Amino acid sequence: MRISQYFMPILRDDPKEAEIASHRLMLRSGMIRQEAAGSYSWLPMGFRVLKKIEQIVREEQDRAGAIEVLMPTIQSADLWKKSGRYNAYGPEMLRIRDRHDRDMLYGPTNEEMITDIFRSVQSYKDLPRNLYHIQWKFRDEVRPRFGVMRGREFLMKDAYSFDLDREAGQHSYNKMFVAYLRTFARMGLKAVPMRAETGPIGGKDSHEFLILADTGESEVFFDRDFYDMDWSNFDIDYDDVGKVAKLVDDFTSKYAATDEKHDKAEFEQRVPEARRLTGRGIEVGHIFFFGTKYSEPLGCLVQGPDGKQVPVQSGSYGIGVSRLVGGIIEASHDENGIIWPEPVAPFKLGLINLKAGDAETDQACEKIYRGLAAKGVEVLYDDTDERPGGKFKVMDLIGLPWQVIIGPRGLKDGIAEVKNRKTGERSNVPLADIIGRFSN
RNA sequence: CGGAGUGUAGCGCAGUCUGGUAGCGCACCUGCUUCGGGAGCAGGGGGUCGGAGGUUCGAAUCCUCUCACUCCGACCA
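Residues numbered from 1 in each chain as written. Chains lettered and ligands numbered in written order. Predicted model: local features only at pLDDT ≥ 70, side-chain atom pairs only at ≥ 80, totals over all residues. Heavy atoms only, no water.

Draft legend 1. Seen up close, the overall build of chain A. Check the secondary structure of chain A and you find 14 helices and 23 strands. For a compact globule of 440 residues, the expected C-alpha radius of gyration is about 22 Å, and chain A comes in at 24 Å, within 12% of that figure. For chain A, the proportion of its 440 residues judged to be buried stands at 54%. Within chain A, residue pairs in contact and separated by at least 24 positions form 71% of the contacts whose partners lie at least 6 positions apart. Approximately 20,300 Å² of chain A is accessible, and the part contributed by carbon and sulfur atoms is 47%. Taken as two groups, the 63 positive and 69 negative side-chain charges of chain A have centres that lie 2 Å from each other. (Helix = DSSP H or I, 4+ residues; strand = E, 2+ residues; numbered from the N terminus. Rg over C-alpha atoms; globule rule 2.2 N^0.38 Å. Buried < 20%, exposed > 50% of the residue type's maximum accessible area, 1.4 Å probe, protein only. Contact = heavy atoms within 4.5 Å. Areas by Shrake-Rupley, 256 points an atom, 1.4 Å probe, with all protein chains shown as cover. Lys, Arg positive; Asp, Glu negative; His and termini not counted. Charge placed at Lys NZ, Arg CZ, Asp CG, Glu CD.)

Right under this line is the structure:
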């Protein structure tokens, strides 16, 4: 993409309303634009990141055997009245009337709807199943803040598992647990699973996945061992019940809790002082096992091998996709701007033409730009006639993992400068080697 | 929902107390000089002053109502 043809409204100054780093940087780098309290338009740069994250989530859900569907944002209130949550949910739920005066709502979640969908299944032979979708939700928060980290409208992946009995349900829960470890690790995050309150959704088993960031909403206490574990390689056979359970055990046997669940005495007893870590965390995922909480009232029954009808056992599994965009920035930025982990970066590298309009420089840049594009490398090419200083600032701000800098000075010797955004490391690379270096 | 604020050009702000031609910086456009970490000079464009009503010869400014947004607290993926 050529910046001269792109839409990337960079703000030179900090917008006054943005208090935290991710919000400030997302506005400055032209990723988002606020439309109302807690609701944002995703501009090209932000949208690219959102889609990358969404795709990683999708791939890991699929890998774990979940099946993608898409349910509407606007739901009929009927199902919610049946489950009892229409009254229980409170003003967070945005209630709407259609032209026939029917009660509708903008879905804050989809347990009722998916359970109703699943009622068509009659036999245990069609279990287990796990259905998920990635859809916009709306929760009318009293006080939205922190940009996309706590908006009212947000993109969420929610999955729902259906099993015949508690034991099978546990395996479904464990599979999602492992899928979450993989998902966050692929984004360059260490999201620590912590035992959680089950909250209004209810249920027995529940874990939250939190990433560490100073601006996190809750205080967290955990064992340093988490950081020494292998977060990169959970290549696992999801059908191997024992191995999946073992991995979950490994990650849940160590102490980790948010302030809500924190038990000081237990923490001090189980974790040696040298390994005790405290900090703040941002919740990016939450999984529940809630059994028959919805299947019973909504009549989602299947016939077991013994011919008896039983309500299915369910769990639900959420990931805050749009929140992750902010969360990743909170976990990865410096005073100059964003530092994107490569798997979610909007572009892999930024190509800077230091002297646009100069025939030789233009030609060298053009050759590299086309060469990389031909190899499928995502390049943002700054072909504008801005001054070098401004280009450097903007490129650091938007945080692409690599910068390739080409100007007359290096061109004399046939070299380009390659800069790593994260480490700041620079090296001179012969022009002829650039394309090879960045093609996979 | 309690408390505190703010709405004036794309962004950041002054002007409001004390009514009298709507300003400044950045950004933007034109030209010239510059050109490896946010350049200089000259010229220029852009505003229903959040909205409605009122007072007045005259309202960004005073009065009434209203809407939106931000921050702190309680609450949350």
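Draft legend 2. Structural view of the nonpolar core. One finds Met-31, Ile-53 and Trp-340 to be the most contacted residues of the largest nonpolar core, which totals 80 residues. Among the elements that make up this core, the one with the highest residue count is helix H6 (residues 166-186) (8 residues). Apart from the residues within four sequence positions on either side, Ile-53 is in contact with Met-187, Val-321, Leu-324, Val-325, Ile-328 and Val-344. Residues Cys-365, Val-404, Ile-406 and Val-418 belong to the second largest nonpolar core, which totals 19 residues. (Core = buried A, V, L, I, M, F, W, Y, C linked by side-chain atoms within 4.5 Å.)

Draft legend 3. Structural context of the protein's contact with RNA strand B. Residues in close proximity to RNA strand B total 37 residues, the closest being Arg-12, Arg-143, Asp-396, Glu-417 and Arg-426. Restricting attention to atoms of RNA strand B within 4 Å of the protein, one finds that 43% of them are sugar or phosphate atoms. Within the contact set of RNA strand B, a sugar or linking oxygen lies 3.1 Å away from a side-chain nitrogen or oxygen of Arg-139. Contact distances for RNA strand B include 2.4 Å between a base nitrogen and a side-chain N or O atom of Asp-396. (Near = heavy atom within 4 Å. Polar contact = N/O pair within 3.5 Å; in protein donor to acceptor, adjacent residues only side chain to side chain.)

Draft legend 4. The arrangement of the sheet that holds strand S4 (residues 74-76) in detail. Within the open sheet, the 3 strands sit side by side as S4-S6-S5. Their pairing is antiparallel. Because the sheet does not close on itself, it has two edges, and the strands there are S4 and strand S5 (94-97). Strand after strand, the sheet turns through a mean of 35° between neighbouring axes, direction not considered. In this sheet, strand S6 (residues 103-106) lies alongside S5 in antiparallel orientation, the contact comprising 4 bridges. Looking at S6, one finds that Arg-97 is bridged to Asp-103. (Pairing = 2+ DSSP bridges. Axes fitted to C-alpha atoms, helices over the stretch in contact; angles between N-to-C directions.)

Draft legend 5. Helix H2 (residues 44-63), seen in detail. For H2, with 20 residues, the first-to-last C-alpha span of 28 Å sits near the 28 Å given by 1.5 Å per residue. Regarding H2, the residues found buried are Met-45, Gly-46, Val-49, Leu-50, Ile-53, Glu-54, Ile-56, Val-57, Arg-58, Glu-60 and Gln-61. Where H2 ends, the next residue or the one after it, Gly-65, has phi of about 95°, a positive value. (Expected span 1.5 Å × (residues − 1).)

The values reported here are purely geometric and, on their own, carry no functional implication.
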